[in-house]
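What follows is the residue order along each chain.
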Amino acid sequence: GPLPSIQDDGTTLAETAGGVLWAGTEATGVLRLRLSPGVATLDSEVERFVAEHGLPEGGARVQVVSDVVYALTAEQVYRYAPNANRFAVSAFLPALAAGTVALVEDEEQVWAIGKGITLGTPNADGRLAWQRGSFGQFSETVINTAYVEDDGIARFGGTEGLIRYDAQKQTS
């Protein structure tokens, strides 16, 4: 059943490898839920992350990439720093910022979707290099969801319908 201590409109859910559940909200920051084993009960721990934790006023979508928690707002992408127990503007995703609504990780890449499609592939130093070039025709398209298959074919859904991308082909 519902947790009585949460009255927020949830927008996204993500779980870290340690089993901690994170929830993005429509207007009240990000929630971290440490649920009791079995079912969510009154003794589940709920912590809210807002302006005093580095996030701007309002809501945020939450995503986990490589077991790192990110909060995506209309203006910026924030990364959670566990040692400081707060969020800070992400250096990992500097080129994405405004308009990113979701991050989708496959085995070797990270897809950023929102206003257009951006693909991050790892450099020799492990950092991601972001490219929009291959997806220029979709730069003004609102992308709401993405699914990457095991064979690397990516599918996107948005205002222009469904898009299929196959890196093995020049055109998709």
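Residues numbered from 1 in each chain as written. Predicted model: local features only at pLDDT ≥ 70, side-chain atom pairs only at ≥ 80, totals over all residues. Heavy atoms only, no water.

A word on the overall build of the protein chain. Across its full length, the protein chain holds zero helices and 15 strands. Considering the protein chain as a whole, with its 172 residues, one finds that 40% of them fall into the buried category. Of the contacts formed within the protein chain by residues at least 6 apart in sequence, a portion of 35% connects residues at least 24 apart. Surface accessibility of the protein chain: about 9,700 Å² in total, with carbon and sulfur atoms responsible for 49%. (Helix = DSSP H or I, 4+ residues; strand = E, 2+ residues; numbered from the N terminus. Buried < 20%, exposed > 50% of the residue type's maximum accessible area, 1.4 Å probe, protein only. Contact = heavy atoms within 4.5 Å. Areas by Shrake-Rupley, 256 points an atom, 1.4 Å probe, with all protein chains shown as cover.)

In this section: the sheet that holds strand 3 (residues 30-34). Strand-to-strand pairing in sheets goes through backbone hydrogen bonds, with the strands running parallel or antiparallel. With antiparallel pairing, the four strands of this open sheet are ordered in space as 1-2-3-4. In this open sheet, the two edge strands, each paired with only one partner strand, are strand 1 (10-15) and strand 4 (45-49). Shown here is a sheet whose adjacent strand axes are inclined to one another by a mean of 20°, direction ignored. As judged from the five bridges shared by strand 3 and strand 4, these two strands associate in the antiparallel manner. Bridge pairing links Leu 31 to Arg 48 in strand 4. (Pairing = 2+ DSSP bridges. Axes fitted to C-alpha atoms, helices over the stretch in contact; angles between N-to-C directions.)

On to the packing of aromatic side chains. Summed over the entire model, instances satisfying the criterion amount to 10 aromatic pairs. Connected via pairs of aromatic rings, a cluster forms that spans Trp 22, Phe 49, Tyr 80 and Phe 87. (Phe/Tyr/Trp six-rings, centres within 6.5 Å; stacked < 30°, edge-to-face > 60°.)

Moving on: the nonpolar core. One finds Trp 111, Ile 117, Phe 135 and Phe 156 to be the most contacted residues of the largest nonpolar core, which totals 15 residues. At the level of elements, strand 9 (100-105), strand 10 (110-114), strand 11 (116-122), strand 13 (143-148), strand 14 (154-158) and strand 15 (161-165) are the ones that each hand at least two residues to this core. Sort the elements by how many residues they give to this core and strand 13 lands first, with three residues. Dropping the residues within four chain positions of it, Phe 156 is found in contact with Trp 111, Ile 113, Ile 117, Ile 143, Thr 145, Ala 146, Gly 161, Leu 162, Ile 163 and Tyr 165. Counting residues in hydrophobic clusters, the runner-up holds 13 residues, among them Trp 22, Tyr 78, Tyr 80 and Phe 87. (Core = buried A, V, L, I, M, F, W, Y, C linked by side-chain atoms within 4.5 Å.)

With that out of the way, let us pick up the sheet that holds strand 12 (residues 128-131). The sheet built from four strands is open, its strands ordered 9-10-11-12 with antiparallel pairing. The two strands at the open ends of the sheet, each matched to only one other strand, are strand 9 and strand 12. Taken over all neighbouring pairs, the strand axes of this sheet differ in orientation by 20° on average, direction set aside. Pairing of strand 10 with strand 11 involves five bridges; the strand directions are antiparallel. If you follow Ala 112 over to strand 11, its bridge partner there is Thr 118.

One pass over the full model with this rule turns up four salt bridges. For Arg 32, the salt bridge goes to Glu 47, with nearest N and O atoms at 2.3 Å. A residue pair is termed long-range when its members are at least 10 positions apart, and Arg 32 in strand 3 and Glu 47 in strand 4 qualify at 15 residues. Across the pair, exposure class does not vary: Arg 32 and Glu 47 are buried alike. With a shortest N-O distance of 2.5 Å, Glu 149 and Arg 155 are connected by a salt bridge. Of the residues examined, Arg 155 reaches a relative accessible area of 35% and is grouped as partly exposed. (Salt bridge = Lys/Arg side-chain N within 4 Å of Asp/Glu carboxyl O.)

Extensive coverage of strand 10 is indicated by the burial of five of its five residues. Residues Val 110, Ala 112 and Gly 114 of strand 10 are buried on one face, and the alternating residues Trp 111 and Ile 113, pointing to the opposite face, are buried as well. Two elements, strand 9 and strand 10, share five bridges in a ladder whose sense is antiparallel. Its bridge partner being in strand 10, Leu 103 is matched across the sheet by Ala 112.

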